[in-house]
Amino acid sequence: MTKIDFHILPTDQEIDVFHYVARLVQKALNRSHRVLIATKDNQQTNQVSEALWGFQPEAFLAHTLIDSNDFSLQITHTDTCGDHHDVLVNLRSDIPPYFSRFERVFELVSQHPDRLNASRDRYRYYNDHGYALKRHDLRDRVAP
């Protein structure tokens with residue numbers, strides 16, 4: 001069954017969330033995981049892509065969009081996940097319809113009121129359906 005990790009961030013700024021995503025993705029890729037990032041729309045896809053390309057001054061996180069050739073790090077704002085089934089990073093306000101085919105899902109919780117409420121709804125859904133949930137509360141740390 002899919003394992004769900006909620007990362008509760010101390011920020012309400014989307015750019016901080018994108019930087020955290022980049023660090024999280026780098027960690028997963030370093031452990032040989034294949035990662036799909038689910039975004040809410042084309043604009044957010046572009047913002048995440050920029051954050052990945054500019055991840056560090058001396059490095060970047062190479063990636064493609066889901067409609068490109070298969071790659072270990074991809075981004076989608078559609079209801080398609082290609083051949084991915086390892087790690088899903090969900091930035092959508094809803095739960096992607098394909099989430100259950102993944103081994104692990106990372107849900108990022110920002111402190112923006114709308115995103116916070118949507119995160120609570122997703123947590124409730126996963127909990128009510130018996131998924132293994134883990135919380136990583138980062139609010140006592142410095143903003144990402």
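Residues numbered from 1 in each chain as written. Predicted model: local features only at pLDDT ≥ 70, side-chain atom pairs only at ≥ 80, totals over all residues. Heavy atoms only, no water.

(A) Seen up close, the pairing of strand β4 (residues 73–76). Where burial is concerned, the two faces of β4 agree: the one with L73 and I75 and the one with Q74 and T76 are both buried. Bridge count between strand β2 (residues 35–38) and β4: four bridges; the pairing is parallel. Note that in β4 the partner of V35 across the bridge is L73. As defined by bridge partners, strand β3 (residues 64–65) adjoins β4 across two bridges and the pair is classed as parallel. What sits directly across from L65, in β4, is I75. (Buried < 20%, exposed > 50% of the residue type's maximum accessible area, 1.4 Å probe, protein only. Helix = DSSP H or I, 4+ residues; strand = E, 2+ residues; numbered from the N terminus. Pairing = 2+ DSSP bridges.)

(B) Structural view of the pattern of salt bridges. A full pass over the atoms with the stated rule returns nine salt bridges. Between E107 and R122 there is a salt bridge whose closest N-O contact spans 2.6 Å. Here the residue E107 occupies a position in strand β6 (residues 104–109), and R122 occupies one in helix α3 (residues 113–128), the gap between them amounting to 15 residues. We classify E107 as buried; its relative accessible area is 0%. R122 gets classed as buried once you look at its relative accessible area, which sits at 2%. Within this structure, D79, R92 and D94 form a network of salt bridges that share partners. (Salt bridge = Lys/Arg side-chain N within 4 Å of Asp/Glu carboxyl O.)

(C) Representation of the packing of aromatic side chains. Evaluated as defined, the whole model comprises nine aromatic pairs. For the ring pair F6 and Y126, a centre distance of 6.0 Å and an interplane angle of 70 degrees mean the geometry is edge-to-face. Here F6, found in strand β1 (residues 3–8), pairs with Y126, found in helix α3; they are 120 residues apart in sequence, far enough to count as distant. Note on Y126: relative accessible area 0%, which makes it buried. Considering the side-chain rings of Y125 and Y126, the 6.1 Å spacing of their centres and the 70 degrees angle between planes classify their relative orientation as edge-to-face. Taken together, F6, F99, Y123, Y125, Y126 and Y131 form an aromatic cluster joined through their ring pairs. (Phe/Tyr/Trp six-rings, centres within 6.5 Å; stacked < 30°, edge-to-face > 60°.)

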